[in-house]
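Okay, here's what each chain looks like letter by letter:
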Amino acid sequence: TLCKIGQVYQELDQADKALEELESALRIQRQVLGENNIAVASTLRVISTVHFQRGEISEMMSAFAENVRIYREARISCNFDVYDLMSQSIAAAGAA
């Protein structure tokens with residue numbers, strides 16, 4: 001899938017290509033599954049990590065916030081460390 005391809009590009013430190021594939025996947029997921037689907041949230045989480053790698057803190061926070069909103073509305077607890085990711089972003093923003 002496009003999401004998996006994006007993740008592979010991310011692992012290869014090719015953030016531009018990763019983001020391109022992930023945003024394509026997100027667009028299709030939203031059209032087919034709807035705005036509040038868990039698959040959309042999962043893709044947004046990966047997109048947030050790519051933005052973080054690129055030093056795009058505002059974009060990272062936006063994608064991550066939307067991810068958390070979807071999980072909360074679905075009443076599903078997030079199985080990743082929210083505070084760790086937020087701490088990393090704050091530290092990176094302070095270093096910039």
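Residues numbered from 1 in each chain as written. Predicted model: local features only at pLDDT ≥ 70, side-chain atom pairs only at ≥ 80, totals over all residues. Heavy atoms only, no water.

S.K.: Account for the confidence of the model for the chain, naming residues and giving values.
M.R.: In the predicted model, the chain carries a mean pLDDT of 85, and 79% of its residues have values of at least 70. Here helix α5 (residues 82-95) stands out as the least confident element of the chain, with mean pLDDT 57; helix α2 (residues 15-33) is the most confident, with 96. (pLDDT = per-residue confidence, 0-100. Helix = DSSP H or I, 4+ residues; strand = E, 2+ residues; numbered from the N terminus.)

S.K.: Give me the environment of alanine 74: which residues, what numbers.
M.R.: Among the structural elements, alanine 74 can be located in the loop between α4 (57-73) and α5. Residue class for alanine 74 comes out partly exposed when judged on its relative accessible area of 34%. Remark: the alpha-carbon pair of alanine 74 and asparagine 37, spanning 37 residues in sequence, is separated by 8.4 Å. (Buried < 20%, exposed > 50% of the residue type's maximum accessible area, 1.4 Å probe, protein only.)

S.K.: Break down the packing of helix α1 (residues 2-11) against α2 for me, citing the residues and quoting the values.
M.R.: Packing of α1 against α2 leaves a shortest axis separation of 8 Å and a crossing angle of 160 degrees. In terms of orientation, α1 lies roughly antiparallel with respect to α2. In this structure, the crossing between α1 and α2 has a hand that is left-handed. Residues Leu2, Cys3, Ile5, Gly6, Tyr9 and Gln10 of α1 touch α2, and the partners they reach there are Lys17, Ala18, Glu21, Leu22, Ser24, Ala25 and Ile28. (Axes fitted to C-alpha atoms, helices over the stretch in contact; angles between N-to-C directions. Parallel < 35°, antiparallel > 145°, perpendicular 65-115°, else oblique. Left-handed = near helix turned anticlockwise from the far one by under 90°. Contact = heavy atoms within 4.5 Å.)

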